[in-house]
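Architecture at a glance
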Amino acid sequence: MKFEGENIIKFMERFPDDHSCLKYLSEVKWSNGFTCSKCGHQKHTIRKKNLARDCNRCHHIESPTADTLFHSLRFGIRKAFMIVFEMSATTKGLSSSQLAKRYGISRQTAWAFSHKVRIAMQSNGDHPMKGNVQVDEFVFGGKETLKQGRSTDSKKKKLIGAVELTEAGKVKRVYFDKLVDYSSKSLTRIFDNHISKEARVLTDKWTGYVPIGKYFNIEQKYSDKGGSMKQMHTIIHQVKSWLRSVFSWVHEGHIEKYLAEYSFRINRSIYRRTIFHKLIERMIIAKPTTYQLIKVST
Ligand SMILES: [Zn+2]
């Protein structure tokens, strides 16, 4: 039942129309059976046309898209499935203007929906990083300078990244967070959300990390022009060039969602076969949101 793989022909065959997508959604959504959200009754009738569940007791009708990130879509569910598939399969990312052209939808609609997919990509923090982890801060946007050190340019977005390494020293997982400043209070959030207390963490000599060392196993080394944290710096370099190449501008309030998209693809890359299904599951679990809400979110 689960769709697997990244083959677009197989995807098109599996989802030839809106009905096949609704069927998939309803199977995932009600995989443990249907319970009426209004009265708790379980007996129901399935409406043929849109596969909505009609409660036999109170006659509340629930569609497969209700209360999910597919709620009140402004275009067909099949287009939505294709966008989710593309966003899960590509390593490059797609801008909203590209999506708008490819699917014949407005740029605003494309923008809002792709942000909904990014919301589903955000980590729930259930699997903190263990083993060897590298943490470093970086900046994005504004004027690029070669000057070392912590930038105070207000146009630059201050960010922090953490990378977990495999035994062989390869990148296993990455997470990012936005920083208000370089204080311990700001820096500590990525530790609390994504790093296990047992992890062996490497940072540079910045004093902001010292207080965090009371709770986490931190080793501080001179950055040596990035030499001591090679994998972290490669990731920082890649994510910055990805942000620059795909998006002409990334609004401060939304940068976390773009970073979530980047992390999601890296972190799920060992489970590539089920990446689409996983994303559909997360889109169903997540609460619905709207263009207006995404627009003002920070
Ligand atoms: Zn009911």
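Attention here is on the structure that accompanies the text.

Cut-offs used in this document
Residues numbered from 1 in each chain as written. Predicted model: local features only at pLDDT ≥ 70, side-chain atom pairs only at ≥ 80, totals over all residues. Heavy atoms only, no water. Pairing = 2+ DSSP bridges. Helix = DSSP H or I, 4+ residues; strand = E, 2+ residues; numbered from the N terminus. Buried < 20%, exposed > 50% of the residue type's maximum accessible area, 1.4 Å probe, protein only. Arc of directions from axis to C-beta. Contact = heavy atoms within 4.5 Å. Donors = N, O, S within 2.8 Å, 3.2 Å for Na, K, Ca; no water. Tetrahedral: all angles 85-135°; square planar, octahedral: opposite > 155°, others 65-115°. Axes fitted to C-alpha atoms, helices over the stretch in contact; angles between N-to-C directions. Polar contact = N/O pair within 3.5 Å; in protein donor to acceptor, adjacent residues only side chain to side chain. Core = buried A, V, L, I, M, F, W, Y, C linked by side-chain atoms within 4.5 Å. Parallel < 35°, antiparallel > 145°, perpendicular 65-115°, else oblique. Nonpolar A, V, L, I, M, F, W, Y, C, P; charged D, E, K, R; others polar.

**Here we look at the sheet that holds strand β2 (residues 53-55)**
Strands sit in the order β1-β2-β3 across an open sheet of three strands; the sheet is antiparallel. The sheet is open, and its two edges are formed by β1 (44-46) and β3 (61-62), each paired on a single side. Pairing analysis gives three bridges linking β1 to β2, with the strands arranged antiparallel. Across the sheet, residue H44 finds its bridge partner in β2, namely C55.

**Focus on helix α4 (residues 96-103)**
Within the sequence span of α4, burial applies to S96, L99, A100 and Y103. For α4, the angular spread of buried residues about the axis comes to 100°, placing them on one side. In α4, the exposed positions angled more than 90 degrees off the buried face are occupied by K101 and R102. Looking at the buried positions of α4, the neighbouring elements they touch are α3 (77-89) and α5 (107-121).

**With respect to the coordination of the zinc ion**
At the metal site, the zinc ion is ligated by C36 (SG), C39 (SG), C55 (SG) and C58 (SG), and these contacts range over 2.3 Å. Coordination at the zinc ion is tetrahedral, judged from the four donor atoms that bind it and the angles of 102 to 113° they form at the metal. Linear spacing of the donor residues for the zinc ion on their chain is C-x2-C-x15-C-x2-C. Residue classification places C36 among the buried positions, given a relative accessible area of 3%.

**Digging into the sheet that holds strand β5 (residues 157-165)**
Taken together, five strands build an open sheet; the order of strands is β6-β5-β4-β7-β8 and the sheet is mixed. Strand pairing shows two members of the sheet lacking a second neighbour, β6 (171-178) and β8 (217-220), which therefore form its edges. Between one strand and the next, the sheet's axes are offset by a mean angle of 25°, whatever the strand orientation. Pairing of strand β4 (residues 132-140) with β5 involves eight bridges; the strand directions are antiparallel. In the sheet register, F138 faces β5, and the bridge partner there is L159. Relative to β6, helix α6 (residues 184-194) is tilted by about 135°, and along the sheet it contacts β4, β5, β6, β7 (200-203) and β8. Where helix α8 (residues 255-267) meets the sheet, its contacts fall on β4, β5 and β6, and the angle it forms with β6 comes to roughly 170°.

**Some details on the environment of H44**
Relative to the elements of secondary structure, H44 occurs in strand β1. On a C-alpha basis, the gap between H44 and R57 in space is 8.0 Å, while along the polypeptide they are 13 residues apart. Setting aside chain neighbours within four positions, we find H44 in contact with F34, R53, D54, C55 and N56. Within polar-contact distance, the side chain of H44 engages the backbone oxygen of Q42 at 2.9 Å.

**Observations regarding the nonpolar core**
If you look at the biggest cluster of nonpolar residues, it comprises 38 residues, and the most contacted ones within it are F70, F81, V84, F113, F276 and I280. Listed by contribution, the elements that provide at least two residues to this core are α2 (18-29), α3, α4, α5 and α9 (275-285). Examining the composition of this core, we find that eight residues originate from one element, α3, more than from any other. Setting aside anything within four residues of it in sequence, one finds F81 in contact with F11, F15, C21, Y24, L25, F70, F276 and I280. Counting residues in hydrophobic clusters, the runner-up holds 24 residues, among them A112, M229, M232 and I236.

**Topic: the pairing of β7**
Along any regular strand, the residues point their side chains to alternate faces of the sheet. Of the pairings in the sheet, the one linking β4 to β7 comprises three bridges and is parallel in character. What sits directly across from Q134, in β7, is L202.

**Section: the packing of α5 against α9**
Axis separation between α5 and α9 bottoms out at 8 Å; the angle between their running directions is 100°. With respect to α9, the element α5 is oriented roughly perpendicular. In this structure, α5 uses F113, K116, V117, A120 and M121 to contact α9, whose residues at the interface are L279, R282 and M283. Residue composition of the contact of α5 with α9, grouped by class: six nonpolar, no polar and two charged.

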